[in-house]
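Summary of structural features
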Amino acid sequence: EADELIEGRATVQQLYDRKFAGRLDRVAEMLQAPRTSAMSPIAEQIERALNDPAIPFSAARRDLYIFTDGLQHTPNSRIYRGAELVLPDPPAGLLRGIRVHYVELANARRPELQRDPVRETWRRWLEGAGGQVSMYAPGYAAPIAFAEPPER
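Residues numbered from 1 in each chain as written. Predicted model: local features only at pLDDT ≥ 70, side-chain atom pairs only at ≥ 80, totals over all residues. Heavy atoms only, no water.

**Some details on the pattern of salt bridges**
Worth spelling out the cut-off: When a carboxyl oxygen of Asp or Glu is within 4 Å of a side-chain nitrogen of Lys or Arg, the pair counts as a salt bridge. Strands here mean DSSP runs of E at least two residues long; helices mean DSSP runs of H or I at least four residues long; both are numbered from the N terminus.
All told, the structure shown has eight salt bridges when counted by the stated rule. We note a salt bridge from Arg-123 to Glu-120, for which the minimum N-O separation is 2.5 Å. Taken together, the positions of Arg-123 and Glu-120, both in helix 3 (residues 116-128) and three residues apart, correspond to about one turn of that helix. Three or more residues are tied together by salt bridges with common partners; here these are Glu-104, Asp-116 and Arg-119.

Spelled out as structure tokens, the structure:
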């Protein structure tokens, strides 16, 4: 959108690179850099994502894939300090009609915390919120695909 009569193409490109592209590149680098966080509110993020009006959804079938290490660390759930996993009460109906695929990712720093009781707590929370749950985690049998209703 440069006016070539008064602005040179090279000047406009330099301005764009400095004021927009450069900043965008720095933000992208920051977002890609691995970092740790003091808190890990996984359940609250699931609820936030499903209730966010900026993410409208309408379809006959809904699937939610959750890729997580399952180690929720919040003021009420101090799993990294040796306490048991504690999740908030599941919002009633939050996952009603949704097929939930819980996929456990390995936690390279604390794999000893990824135990069956943690997985079972997540399964109960997801089912308590109304989800049809399939667990993909060590110790669980390979999931059976959700059966599709027969076509009529």
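**Regarding the pairing of strand 4 (residues 98-104)**
Selection rule: A 1.4 Å probe rolled over the protein chains alone gives each residue an accessible area, and that area as a share of the maximum for its type sets the label: buried under 20%, exposed over 50%, partly exposed in between. When DSSP locates at least two bridges between a pair of strands, those strands are taken to pair. Here a crossover is taken to be right-handed if, once the strands point away from the viewer, the path from the first strand over the helix to the second is traced clockwise.
Buried residues dominate strand 4, accounting for seven of its seven residues. Alternating positions in strand 4 separate into two faces, Ile-98, Val-100, Tyr-102 and Glu-104 on one and Arg-99, His-101 and Val-103 on the other, with burial throughout. As judged from the seven bridges shared by strand 1 (residues 62-68) and strand 4, these two strands associate in the parallel manner. Bridged to Tyr-65 within strand 4 is His-101. Strand direction decides the pairing type here: strand 4 and strand 5 (residues 132-136), joined by five bridges, are parallel. Considered in strand 5, the bridge of Tyr-102 is made with Met-135. Traced from strand 4 through helix 3 to strand 5, the parallel crossover comes out right-handed.

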